[in-house]
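Chain and residue survey
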Amino acid sequence: MERYDAIVLGAGAAGMWCAAVAGQRGARVLLVDHNAEAGRKILISGGGRCNFTNIHTAPDRFLSANPHFAKSALARYTPADFVALVDAHGIAWHEKTLGQLFCDGSARQVVAMLLAECERGGVTLRLGQTLGEVAHRDGAFVVTLPGGDALAPALVIATGGPSIPKIGATGFAYDLARRFGLKVVEPRPALVPLTLGGDETLFRELSGVAAPVEARAGKAAFREAALFTHRGLSGPAILQASSYWRHGEAVGIDFLPERGDGWLIEAKARQPRATLRRTLGEALPERLAGVLADRLEAPEGPLAGCTDRALAAIEARLADWRFHPNGSEGFAKAEVTAGGIATAGLSSRSMEATRVPGLYAIGEAVDVTGWLGGYNFQWAWASGHAAGVAI
Ligand code: FDA
(Lines give C-alpha, C1' and ligand atoms only; values in the text may rest on other atoms or scores of the structure.)
Protein backbone atom coordinates (compact mmCIF):
# COMPACT_ATOMS: atom_id res chain seq x y z
CA MET A 1 0.00 0.00 0.00
CA GLU A 2 1.49 3.38 -1.03
CA ARG A 3 0.71 6.27 1.30
CA TYR A 4 0.19 9.89 0.20
CA ASP A 5 -1.22 13.08 1.67
CA ALA A 6 -3.56 13.43 -1.32
CA ILE A 7 -4.66 11.46 -4.36
CA VAL A 8 -5.86 13.52 -7.31
CA LEU A 9 -8.01 11.63 -9.83
CA GLY A 10 -7.70 13.14 -13.32
CA ALA A 11 -4.58 14.73 -14.84
CA GLY A 12 -6.46 17.41 -16.74
CA ALA A 13 -6.29 21.18 -16.27
CA ALA A 14 -7.75 21.28 -12.75
CA GLY A 15 -6.12 18.09 -11.49
CA MET A 16 -2.60 18.98 -12.64
CA TRP A 17 -2.75 22.48 -11.19
CA CYS A 18 -4.26 21.26 -7.91
CA ALA A 19 -1.58 18.54 -7.58
CA ALA A 20 1.22 21.03 -8.35
CA VAL A 21 -0.05 23.59 -5.82
CA ALA A 22 -0.51 20.97 -3.07
CA GLY A 23 2.86 19.38 -3.83
CA GLN A 24 4.68 22.70 -3.76
CA ARG A 25 3.17 23.36 -0.33
CA GLY A 26 4.74 20.18 0.96
CA ALA A 27 2.03 17.54 0.44
CA ARG A 28 2.95 14.14 -1.00
CA VAL A 29 0.59 13.91 -3.96
CA LEU A 30 -0.36 11.09 -6.33
CA LEU A 31 -1.90 12.23 -9.63
CA VAL A 32 -3.66 9.51 -11.63
CA ASP A 33 -5.29 9.36 -15.07
CA HIS A 34 -6.54 6.60 -17.32
CA ASN A 35 -5.22 8.32 -20.44
CA ALA A 36 -1.63 7.61 -21.44
CA GLU A 37 -1.07 11.36 -21.86
CA ALA A 38 -1.87 14.18 -19.40
CA GLY A 39 -4.06 17.14 -20.38
CA ARG A 40 -5.51 15.80 -23.61
CA LYS A 41 -8.34 18.34 -23.57
CA ILE A 42 -5.84 21.15 -23.12
CA LEU A 43 -4.01 19.91 -26.22
CA ILE A 44 -7.09 20.23 -28.43
CA SER A 45 -8.29 23.46 -26.84
CA GLY A 46 -8.45 26.80 -28.58
CA GLY A 47 -7.75 25.16 -31.94
CA GLY A 48 -4.42 23.84 -30.57
CA ARG A 49 -3.39 27.20 -29.08
CA CYS A 50 -5.29 26.92 -25.76
CA ASN A 51 -7.38 29.93 -24.81
CA PHE A 52 -6.03 29.58 -21.28
CA THR A 53 -7.90 32.42 -19.56
CA ASN A 54 -10.07 35.47 -20.06
CA ILE A 55 -9.15 38.85 -18.59
CA HIS A 56 -12.84 39.68 -18.15
CA THR A 57 -13.40 36.77 -15.77
CA ALA A 58 -16.25 37.57 -13.39
CA PRO A 59 -18.77 35.34 -11.61
CA ASP A 60 -21.57 36.38 -13.98
CA ARG A 61 -19.78 34.59 -16.84
CA PHE A 62 -20.49 31.21 -15.24
CA LEU A 63 -23.64 29.07 -15.04
CA SER A 64 -24.42 27.18 -11.86
CA ALA A 65 -27.45 26.32 -9.74
CA ASN A 66 -25.72 28.60 -7.19
CA PRO A 67 -24.34 31.61 -9.10
CA HIS A 68 -22.44 32.77 -5.97
CA PHE A 69 -20.46 29.56 -5.51
CA ALA A 70 -17.59 30.37 -7.90
CA LYS A 71 -16.95 33.85 -6.46
CA SER A 72 -14.52 32.92 -3.70
CA ALA A 73 -12.20 30.68 -5.74
CA LEU A 74 -12.24 33.06 -8.74
CA ALA A 75 -11.33 36.00 -6.49
CA ARG A 76 -8.45 34.15 -4.86
CA TYR A 77 -6.86 32.89 -8.08
CA THR A 78 -7.29 35.36 -10.91
CA PRO A 79 -6.42 35.51 -14.62
CA ALA A 80 -3.47 37.75 -13.65
CA ASP A 81 -2.15 34.99 -11.37
CA PHE A 82 -2.28 32.48 -14.21
CA VAL A 83 -0.72 34.92 -16.66
CA ALA A 84 2.14 35.42 -14.18
CA LEU A 85 2.68 31.65 -14.21
CA VAL A 86 2.61 31.53 -18.02
CA ASP A 87 5.08 34.43 -18.15
CA ALA A 88 7.39 32.76 -15.63
CA HIS A 89 7.57 29.81 -18.03
CA GLY A 90 8.39 32.10 -20.95
CA ILE A 91 5.27 31.16 -22.90
CA ALA A 92 4.40 33.88 -25.41
CA TRP A 93 0.70 34.76 -25.63
CA HIS A 94 -1.66 37.26 -27.21
CA GLU A 95 -5.15 38.62 -26.66
CA LYS A 96 -7.33 37.55 -29.55
CA THR A 97 -10.71 39.15 -28.97
CA LEU A 98 -13.11 39.78 -26.07
CA GLY A 99 -10.35 39.32 -23.47
CA GLN A 100 -9.41 35.81 -24.66
CA LEU A 101 -5.73 34.96 -24.10
CA PHE A 102 -4.12 32.33 -26.35
CA CYS A 103 -0.62 30.87 -26.64
CA ASP A 104 1.29 32.25 -29.63
CA GLY A 105 2.75 28.79 -30.11
CA SER A 106 0.97 25.67 -28.96
CA ALA A 107 -1.28 24.29 -26.21
CA ARG A 108 1.54 21.77 -25.62
CA GLN A 109 3.39 24.55 -23.82
CA VAL A 110 0.60 24.79 -21.23
CA VAL A 111 0.66 21.03 -20.61
CA ALA A 112 4.48 21.09 -20.36
CA MET A 113 4.23 24.00 -17.90
CA LEU A 114 1.74 22.14 -15.69
CA LEU A 115 3.84 18.97 -15.76
CA ALA A 116 6.93 21.02 -14.81
CA GLU A 117 5.00 22.58 -11.92
CA CYS A 118 3.92 19.08 -10.79
CA GLU A 119 7.54 17.95 -10.92
CA ARG A 120 8.57 20.97 -8.86
CA GLY A 121 6.02 19.86 -6.28
CA GLY A 122 7.37 16.30 -6.26
CA VAL A 123 4.02 14.96 -7.54
CA THR A 124 3.96 11.25 -8.41
CA LEU A 125 2.28 10.97 -11.81
CA ARG A 126 0.66 7.70 -12.91
CA LEU A 127 -0.83 7.71 -16.39
CA GLY A 128 -2.62 4.89 -18.23
CA GLN A 129 -4.21 3.71 -14.97
CA THR A 130 -7.63 2.11 -14.95
CA LEU A 131 -9.16 3.18 -11.67
CA GLY A 132 -10.56 0.35 -9.60
CA GLU A 133 -12.49 0.59 -6.37
CA VAL A 134 -12.43 3.79 -4.32
CA ALA A 135 -13.04 3.02 -0.65
CA HIS A 136 -13.24 5.22 2.44
CA ARG A 137 -12.04 3.59 5.65
CA ASP A 138 -11.01 5.08 8.99
CA GLY A 139 -10.79 8.61 7.62
CA ALA A 140 -8.64 7.59 4.64
CA PHE A 141 -9.39 7.02 0.97
CA VAL A 142 -8.06 3.86 -0.66
CA VAL A 143 -7.87 3.76 -4.45
CA THR A 144 -7.27 0.45 -6.18
CA LEU A 145 -4.84 0.85 -9.07
CA PRO A 146 -3.26 -1.72 -11.41
CA GLY A 147 0.08 -1.45 -9.58
CA GLY A 148 -1.44 -1.75 -6.09
CA ASP A 149 -3.54 0.28 -3.69
CA ALA A 150 -2.87 3.92 -2.79
CA LEU A 151 -4.06 5.50 0.45
CA ALA A 152 -4.47 9.14 1.48
CA PRO A 153 -6.55 11.26 3.85
CA ALA A 154 -7.50 13.54 0.93
CA LEU A 155 -9.06 12.57 -2.41
CA VAL A 156 -9.67 15.07 -5.21
CA ILE A 157 -12.22 14.34 -7.93
CA ALA A 158 -10.84 16.09 -11.03
CA THR A 159 -12.02 13.76 -13.79
CA GLY A 160 -14.04 16.45 -15.59
CA GLY A 161 -17.32 15.92 -17.44
CA PRO A 162 -18.38 13.57 -20.25
CA SER A 163 -17.93 15.96 -23.18
CA ILE A 164 -15.78 14.49 -25.99
CA PRO A 165 -15.72 10.84 -24.85
CA LYS A 166 -13.37 9.87 -27.67
CA ILE A 167 -10.48 11.54 -25.84
CA GLY A 168 -11.24 9.77 -22.58
CA ALA A 169 -13.92 11.98 -21.01
CA THR A 170 -16.28 10.10 -18.68
CA GLY A 171 -19.02 10.63 -16.13
CA PHE A 172 -16.83 8.91 -13.50
CA ALA A 173 -16.87 12.03 -11.28
CA TYR A 174 -20.64 11.88 -10.91
CA ASP A 175 -20.72 8.16 -10.03
CA LEU A 176 -18.03 8.65 -7.42
CA ALA A 177 -19.66 11.77 -5.98
CA ARG A 178 -23.01 9.99 -5.70
CA ARG A 179 -21.36 7.11 -3.88
CA PHE A 180 -20.22 9.58 -1.25
CA GLY A 181 -23.71 11.04 -0.94
CA LEU A 182 -23.14 14.18 -3.01
CA LYS A 183 -25.91 15.33 -5.34
CA VAL A 184 -25.41 15.84 -9.06
CA VAL A 185 -27.16 18.53 -11.10
CA GLU A 186 -28.34 16.84 -14.31
CA PRO A 187 -25.34 17.07 -16.71
CA ARG A 188 -26.07 18.40 -20.19
CA PRO A 189 -23.97 19.29 -23.23
CA ALA A 190 -23.04 23.00 -23.32
CA LEU A 191 -21.11 25.21 -25.75
CA VAL A 192 -22.48 22.86 -28.37
CA PRO A 193 -23.89 23.24 -31.91
CA LEU A 194 -27.68 23.06 -32.14
CA THR A 195 -29.54 20.96 -34.70
CA LEU A 196 -32.52 22.00 -36.81
CA GLY A 197 -35.28 19.77 -38.12
CA GLY A 198 -38.74 20.08 -39.62
CA ASP A 199 -39.21 22.99 -42.00
CA GLU A 200 -36.08 24.64 -40.58
CA THR A 201 -33.94 22.02 -42.36
CA LEU A 202 -34.22 24.45 -45.29
CA PHE A 203 -31.56 26.54 -43.55
CA ARG A 204 -29.10 23.69 -44.03
CA GLU A 205 -28.61 24.85 -47.59
CA LEU A 206 -26.73 27.76 -46.01
CA SER A 207 -24.07 25.39 -44.63
CA GLY A 208 -20.82 27.35 -44.33
CA VAL A 209 -22.44 30.81 -44.23
CA ALA A 210 -21.53 32.94 -41.19
CA ALA A 211 -22.91 36.29 -40.02
CA PRO A 212 -22.48 38.55 -36.99
CA VAL A 213 -25.71 38.24 -35.00
CA GLU A 214 -27.13 38.51 -31.54
CA ALA A 215 -28.25 35.07 -30.33
CA ARG A 216 -30.63 34.83 -27.38
CA ALA A 217 -31.63 31.90 -25.20
CA GLY A 218 -33.33 32.19 -21.84
CA LYS A 219 -32.23 35.55 -20.41
CA ALA A 220 -28.82 35.48 -22.09
CA ALA A 221 -27.80 37.32 -25.28
CA PHE A 222 -24.50 37.05 -27.16
CA ARG A 223 -23.29 39.30 -29.97
CA GLU A 224 -20.85 37.23 -32.00
CA ALA A 225 -20.79 35.23 -35.22
CA ALA A 226 -23.33 32.51 -35.99
CA LEU A 227 -22.55 29.81 -38.52
CA PHE A 228 -25.00 27.67 -40.47
CA THR A 229 -23.93 24.02 -40.68
CA HIS A 230 -25.23 20.97 -42.53
CA ARG A 231 -26.98 19.96 -39.29
CA GLY A 232 -28.12 23.31 -37.93
CA LEU A 233 -26.48 26.23 -36.13
CA SER A 234 -23.02 26.79 -34.70
CA GLY A 235 -20.45 29.58 -34.32
CA PRO A 236 -19.54 31.39 -31.10
CA ALA A 237 -22.90 33.17 -30.64
CA ILE A 238 -24.81 29.87 -30.91
CA LEU A 239 -22.35 27.93 -28.73
CA GLN A 240 -22.74 30.57 -26.03
CA ALA A 241 -26.53 30.55 -26.30
CA SER A 242 -26.61 26.73 -26.26
CA SER A 243 -25.48 26.71 -22.61
CA TYR A 244 -28.67 28.58 -21.69
CA TRP A 245 -30.94 26.76 -24.13
CA ARG A 246 -33.34 24.05 -22.94
CA HIS A 247 -35.11 21.47 -25.07
CA GLY A 248 -38.41 22.79 -26.40
CA GLU A 249 -37.35 26.43 -26.21
CA ALA A 250 -36.63 28.75 -29.13
CA VAL A 251 -33.35 30.51 -29.88
CA GLY A 252 -33.92 34.10 -31.01
CA ILE A 253 -31.56 35.56 -33.58
CA ASP A 254 -31.18 39.24 -34.40
CA PHE A 255 -29.65 39.09 -37.86
CA LEU A 256 -28.88 42.81 -37.91
CA PRO A 257 -28.04 43.80 -34.34
CA GLU A 258 -26.15 46.92 -35.44
CA ARG A 259 -29.12 48.38 -37.33
CA GLY A 260 -31.34 50.79 -35.46
CA ASP A 261 -35.13 50.79 -35.50
CA GLY A 262 -36.61 51.97 -38.79
CA TRP A 263 -33.59 51.13 -40.95
CA LEU A 264 -35.73 49.52 -43.66
CA ILE A 265 -38.03 52.55 -43.77
CA GLU A 266 -34.95 54.75 -44.09
CA ALA A 267 -33.69 52.47 -46.88
CA LYS A 268 -37.00 52.97 -48.68
CA ALA A 269 -36.57 56.76 -48.46
CA ARG A 270 -33.00 56.50 -49.77
CA GLN A 271 -33.47 53.86 -52.47
CA PRO A 272 -37.20 53.62 -53.23
CA ARG A 273 -36.58 51.56 -56.36
CA ALA A 274 -34.46 48.87 -54.68
CA THR A 275 -36.15 45.56 -53.89
CA LEU A 276 -36.26 44.16 -50.39
CA ARG A 277 -34.16 41.22 -51.58
CA ARG A 278 -31.44 43.58 -52.81
CA THR A 279 -31.60 45.69 -49.65
CA LEU A 280 -31.18 42.59 -47.49
CA GLY A 281 -28.38 41.40 -49.77
CA GLU A 282 -26.50 44.62 -49.02
CA ALA A 283 -26.86 44.11 -45.26
CA LEU A 284 -26.29 40.36 -44.99
CA PRO A 285 -24.32 37.60 -46.73
CA GLU A 286 -26.05 37.14 -50.10
CA ARG A 287 -27.12 33.50 -49.63
CA LEU A 288 -28.53 34.22 -46.18
CA ALA A 289 -30.39 37.27 -47.48
CA GLY A 290 -31.91 35.11 -50.25
CA VAL A 291 -33.17 32.40 -47.87
CA LEU A 292 -34.55 34.98 -45.41
CA ALA A 293 -36.29 36.85 -48.20
CA ASP A 294 -37.87 33.55 -49.35
CA ARG A 295 -39.00 32.70 -45.84
CA LEU A 296 -40.39 36.20 -45.34
CA GLU A 297 -42.25 35.84 -48.62
CA ALA A 298 -40.86 39.26 -49.34
CA PRO A 299 -42.68 41.38 -51.90
CA GLU A 300 -40.68 41.27 -55.15
CA GLY A 301 -41.41 44.87 -56.21
CA PRO A 302 -39.56 48.04 -55.18
CA LEU A 303 -39.46 49.17 -51.55
CA ALA A 304 -41.57 52.17 -52.56
CA GLY A 305 -44.48 49.74 -53.00
CA CYS A 306 -44.21 48.49 -49.38
CA THR A 307 -46.04 50.22 -46.56
CA ASP A 308 -43.98 51.40 -43.58
CA ARG A 309 -46.01 49.01 -41.47
CA ALA A 310 -45.04 46.04 -43.63
CA LEU A 311 -41.37 47.07 -43.52
CA ALA A 312 -41.50 47.50 -39.73
CA ALA A 313 -42.97 43.98 -39.44
CA ILE A 314 -40.14 42.56 -41.58
CA GLU A 315 -37.58 44.42 -39.47
CA ALA A 316 -39.11 42.96 -36.32
CA ARG A 317 -38.85 39.42 -37.68
CA LEU A 318 -35.23 39.92 -38.72
CA ALA A 319 -34.48 41.26 -35.23
CA ASP A 320 -35.98 38.23 -33.49
CA TRP A 321 -35.98 35.29 -35.86
CA ARG A 322 -37.17 32.26 -33.93
CA PHE A 323 -35.33 28.99 -34.50
CA HIS A 324 -36.67 25.87 -32.78
CA PRO A 325 -33.70 23.50 -32.42
CA ASN A 326 -34.73 19.86 -32.16
CA GLY A 327 -31.61 19.06 -30.16
CA SER A 328 -27.88 19.58 -29.93
CA GLU A 329 -24.92 17.66 -31.29
CA GLY A 330 -24.54 16.17 -27.81
CA PHE A 331 -21.56 15.28 -25.65
CA ALA A 332 -19.65 14.10 -28.74
CA LYS A 333 -19.29 17.74 -29.85
CA ALA A 334 -19.88 19.74 -26.65
CA GLU A 335 -16.96 21.86 -25.51
CA VAL A 336 -18.10 21.52 -21.91
CA THR A 337 -20.66 19.84 -19.69
CA ALA A 338 -23.08 22.05 -17.79
CA GLY A 339 -24.40 20.72 -14.49
CA GLY A 340 -22.33 18.28 -12.46
CA ILE A 341 -21.51 17.78 -8.79
CA ALA A 342 -23.89 20.04 -6.87
CA THR A 343 -22.14 22.97 -5.23
CA ALA A 344 -24.58 22.77 -2.30
CA GLY A 345 -22.48 19.93 -0.87
CA LEU A 346 -19.11 21.69 -1.32
CA SER A 347 -17.26 24.48 0.47
CA SER A 348 -16.84 27.41 -1.92
CA ARG A 349 -13.51 28.22 -0.25
CA SER A 350 -11.81 24.84 -0.40
CA MET A 351 -13.98 22.70 -2.73
CA GLU A 352 -14.14 20.14 0.09
CA ALA A 353 -17.34 18.14 0.56
CA THR A 354 -18.98 19.52 3.68
CA ARG A 355 -20.18 16.09 4.82
CA VAL A 356 -17.16 14.02 3.74
CA PRO A 357 -13.99 15.56 5.19
CA GLY A 358 -11.02 15.02 2.89
CA LEU A 359 -13.08 14.64 -0.31
CA TYR A 360 -12.71 17.48 -2.83
CA ALA A 361 -14.22 18.13 -6.29
CA ILE A 362 -12.78 20.62 -8.78
CA GLY A 363 -12.93 21.75 -12.40
CA GLU A 364 -15.58 20.79 -14.90
CA ALA A 365 -16.83 17.93 -12.71
CA VAL A 366 -18.48 20.57 -10.52
CA ASP A 367 -21.70 22.40 -11.42
CA VAL A 368 -19.87 25.55 -12.57
CA THR A 369 -19.73 26.16 -16.32
CA GLY A 370 -18.06 29.09 -18.01
CA TRP A 371 -18.84 30.97 -21.16
CA LEU A 372 -16.82 30.33 -24.28
CA GLY A 373 -13.50 32.19 -24.31
CA GLY A 374 -11.11 30.90 -21.64
CA TYR A 375 -13.53 30.99 -18.71
CA ASN A 376 -13.63 27.21 -18.27
CA PHE A 377 -9.88 26.96 -17.91
CA GLN A 378 -9.90 29.86 -15.45
CA TRP A 379 -12.41 27.91 -13.37
CA ALA A 380 -10.18 24.81 -13.59
CA TRP A 381 -7.14 26.82 -12.38
CA ALA A 382 -9.07 28.67 -9.66
CA SER A 383 -10.90 25.65 -8.23
CA GLY A 384 -7.73 23.53 -8.51
CA HIS A 385 -5.80 26.20 -6.63
CA ALA A 386 -8.48 26.47 -3.93
CA ALA A 387 -8.32 22.72 -3.24
CA GLY A 388 -4.52 22.57 -3.62
CA VAL A 389 -4.08 25.21 -0.92
CA ALA A 390 -6.61 23.56 1.39
CA ILE A 391 -5.21 20.01 1.26
P1 FDA B 1 -10.38 17.66 -18.05
O2 FDA B 1 -11.39 17.05 -18.95
O3 FDA B 1 -9.39 18.60 -18.61
O4 FDA B 1 -9.56 16.51 -17.30
C5 FDA B 1 -10.16 15.39 -16.76
C6 FDA B 1 -9.15 14.28 -16.73
O7 FDA B 1 -9.73 13.14 -16.08
C8 FDA B 1 -8.76 13.82 -18.13
O9 FDA B 1 -7.36 13.79 -18.25
C10 FDA B 1 -9.37 12.42 -18.27
O11 FDA B 1 -8.58 11.54 -19.02
C12 FDA B 1 -9.44 11.98 -16.81
N13 FDA B 1 -10.47 10.98 -16.56
C14 FDA B 1 -11.77 11.04 -16.93
N15 FDA B 1 -12.40 9.92 -16.54
C16 FDA B 1 -11.49 9.16 -15.90
C17 FDA B 1 -11.54 7.87 -15.28
N18 FDA B 1 -12.66 7.17 -15.24
N19 FDA B 1 -10.41 7.37 -14.74
C20 FDA B 1 -9.25 8.09 -14.79
N21 FDA B 1 -9.13 9.30 -15.36
C22 FDA B 1 -10.26 9.82 -15.91
N23 FDA B 1 -11.85 25.93 -22.24
C24 FDA B 1 -11.24 27.12 -22.21
O25 FDA B 1 -11.27 27.82 -21.19
N26 FDA B 1 -10.56 27.56 -23.32
C27 FDA B 1 -10.47 26.84 -24.47
O28 FDA B 1 -9.78 27.23 -25.42
C29 FDA B 1 -11.17 25.61 -24.51
N30 FDA B 1 -11.19 24.88 -25.67
C31 FDA B 1 -11.80 23.66 -25.68
C32 FDA B 1 -11.83 22.93 -26.87
C33 FDA B 1 -12.43 21.67 -26.90
C34 FDA B 1 -12.49 20.91 -28.18
C35 FDA B 1 -13.00 21.14 -25.71
C36 FDA B 1 -13.61 19.78 -25.69
C37 FDA B 1 -12.99 21.89 -24.53
C38 FDA B 1 -12.41 23.15 -24.51
N39 FDA B 1 -12.42 23.93 -23.37
C40 FDA B 1 -11.80 25.15 -23.36
C41 FDA B 1 -12.98 23.43 -22.09
C42 FDA B 1 -11.84 22.93 -21.18
O43 FDA B 1 -11.00 22.08 -21.94
C44 FDA B 1 -12.38 22.17 -19.98
O45 FDA B 1 -13.36 22.93 -19.32
C46 FDA B 1 -11.25 21.85 -19.01
O47 FDA B 1 -10.31 21.02 -19.64
C48 FDA B 1 -11.78 21.17 -17.76
O49 FDA B 1 -10.69 20.80 -16.95
P50 FDA B 1 -10.81 19.59 -15.96
O51 FDA B 1 -9.44 19.36 -15.42
O52 FDA B 1 -11.92 19.78 -15.02
O53 FDA B 1 -11.22 18.34 -16.87
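Residues numbered from 1 in each chain as written. Predicted model: local features only at pLDDT ≥ 70, side-chain atom pairs only at ≥ 80, totals over all residues. Heavy atoms only, no water.

The UniProt entry lists residues 5-389 under the feature "domain: RsdA/BaiN/AoA(So)-like Rossmann fold-like" (unreviewed entry), expressed in the numbering used here. For residues 5-389, helix accounts for 30% and strand for 24%, while the C-alpha atoms at its two ends are 13 Å apart. (UniProt positions renumbered as here; feature names shortened; annotations may be inferred. Helix = DSSP H or I, 4+ residues; strand = E, 2+ residues; numbered from the N terminus.)

Time to look at the pattern of salt bridges. Following the criterion strictly, the structure yields 19 salt bridges and no others. The residue Arg 108 makes a salt bridge to Glu 37 at a minimum N-O spacing of 3.5 Å. Pair noted here: Arg 108 is in helix 5 (residues 108-120) and Glu 37 is in the loop between strand 3 (29-32) and helix 2 (40-44), with a separation of 71 residues, a long-range link. Looking at Glu 37, the relative accessible area reads 32%, which means it is partly exposed. Between Arg 178 and Asp 175 there is a salt bridge, with the nearest N and O atoms lying 3.9 Å from each other. In this pair, Arg 178 and Asp 175 both sit in helix 6 (residues 172-179), 3 residues apart, roughly one turn of the helix. Assessed through its relative accessible area of 46%, Asp 175 is described here as partly exposed. Through salt bridges that share partners, Glu 214, Arg 216, Arg 223, Asp 254, Glu 258, Asp 320 and Arg 322 make up one connected network. (Salt bridge = Lys/Arg side-chain N within 4 Å of Asp/Glu carboxyl O. Buried < 20%, exposed > 50% of the residue type's maximum accessible area, 1.4 Å probe, protein only.)

To continue, consider the environment of Gly 384. You can see Gly 384 is positioned in helix 12 (residues 375-390). With relative accessibility at 0%, the residue Gly 384 sits in the buried group. Considering only alpha carbons, one finds Gly 384 and Tyr 360, 24 residues apart in sequence, at a separation of 9.7 Å. In contact with Gly 384, other than residues within four places in its own chain, are Ala 14, Cys 18, Ile 362 and Trp 379. (Contact = heavy atoms within 4.5 Å.)

With that out of the way, let us pick up the UniProt feature "domain: RsdA/BaiN/AoA(So)-like insert" (unreviewed entry) in the protein chain. The feature "domain: RsdA/BaiN/AoA(So)-like insert" (unreviewed entry), as given by UniProt, occupies residues 188-336 in the numbering adopted here. The annotated region residues 188-336 carries 30% helix and 23% strand content, and the separation between its end C-alpha atoms amounts to 9 Å.

A word on the sheet that holds strand 10 (residues 140-145). Read across the open sheet, the 4 strands follow the order 1-11-10-9; overall the sheet is mixed. The outermost strands of the open sheet, each flanked by one partner alone, are strand 1 (2-3) and strand 9 (134-137). (Pairing = 2+ DSSP bridges.)

A word on helix 1 (residues 13-24). Across its 12 residues, helix 1 extends 17 Å between first and last C-alpha, which sits within 8% of the 16 Å expected from 1.5 Å per residue. For helix 1, the buried fraction is high: 11 of the 12 residues fall into the buried class. All of the buried residues along helix 1 are Ala 13, Ala 14, Gly 15, Met 16, Trp 17, Cys 18, Ala 19, Ala 20, Val 21, Ala 22 and Gly 23. (Expected span 1.5 Å × (residues − 1).)

Attention now goes to the packing of helix 8 (residues 263-270) against helix 11 (residues 308-319). Packing of helix 8 against helix 11 leaves a shortest axis separation of 8 Å and a crossing angle of 135°. Taken together, the axes of helix 8 and helix 11 are oblique relative to one another. Contacts between helix 8 and helix 11 involve Trp 263, Leu 264, Ile 265 and Lys 268 on the former and, on the latter, Asp 308, Leu 311, Ala 312, Ile 314, Glu 315 and Leu 318. Of the residues assigned to the contact of helix 8 with helix 11, the class counts are 7 nonpolar, no polar and 3 charged. (Axes fitted to C-alpha atoms, helices over the stretch in contact; angles between N-to-C directions. Parallel < 35°, antiparallel > 145°, perpendicular 65-115°, else oblique. Nonpolar A, V, L, I, M, F, W, Y, C, P; charged D, E, K, R; others polar.)

Attention shifts here to the site of the ligand. If you check the shell around the ligand, you find 29 residues, and the closest are Ala 14, Asp 33, Thr 170, Glu 364 and Phe 377. Between the ligand and Asn 51, the relevant distance is 2.9 Å, taken from a nitrogen atom to a main-chain nitrogen or oxygen of the residue. Note that an oxygen atom of the ligand is positioned 2.8 Å from one of the backbone N or O atoms of Phe 377. For the ligand, whose accessible area on its own is 1000 Å², the fraction buried by protein is 92%. Residue assignment for the shell around the ligand shows that the elements contributing at least two residues are helix 1, helix 2 and helix 12. Looking at which element gives the most residues to the shell around the ligand, the answer is helix 12, with 3 residues. Looking at the shell around the ligand, its residues break down into 11 nonpolar, 14 polar and 4 charged. (Near = heavy atom within 4 Å. Polar contact = N/O pair within 3.5 Å; in protein donor to acceptor, adjacent residues only side chain to side chain. Areas by Shrake-Rupley, 256 points an atom, 1.4 Å probe, with all protein chains shown as cover.)

What follows covers the nonpolar core. Counting residues in hydrophobic clusters, the biggest one holds 87 residues, and the most contacted among them are Ile 42, Ile 341, Trp 379 and Trp 381. If one sorts the elements of this core by residue count, helix 1 sits on top with 9 residues. Those residues in contact with Ile 341 that sit more than four places away from it in its chain are Ile 157, Ala 173, Tyr 174, Ala 177, Leu 182, Lys 183, Val 184, Leu 346, Ala 361, Ala 365, Val 366 and Asp 367. If you look at the next biggest cluster of nonpolar residues, it comprises 40 residues, including Leu 194, Ile 238, Leu 296 and Trp 321. (Core = buried A, V, L, I, M, F, W, Y, C linked by side-chain atoms within 4.5 Å.)

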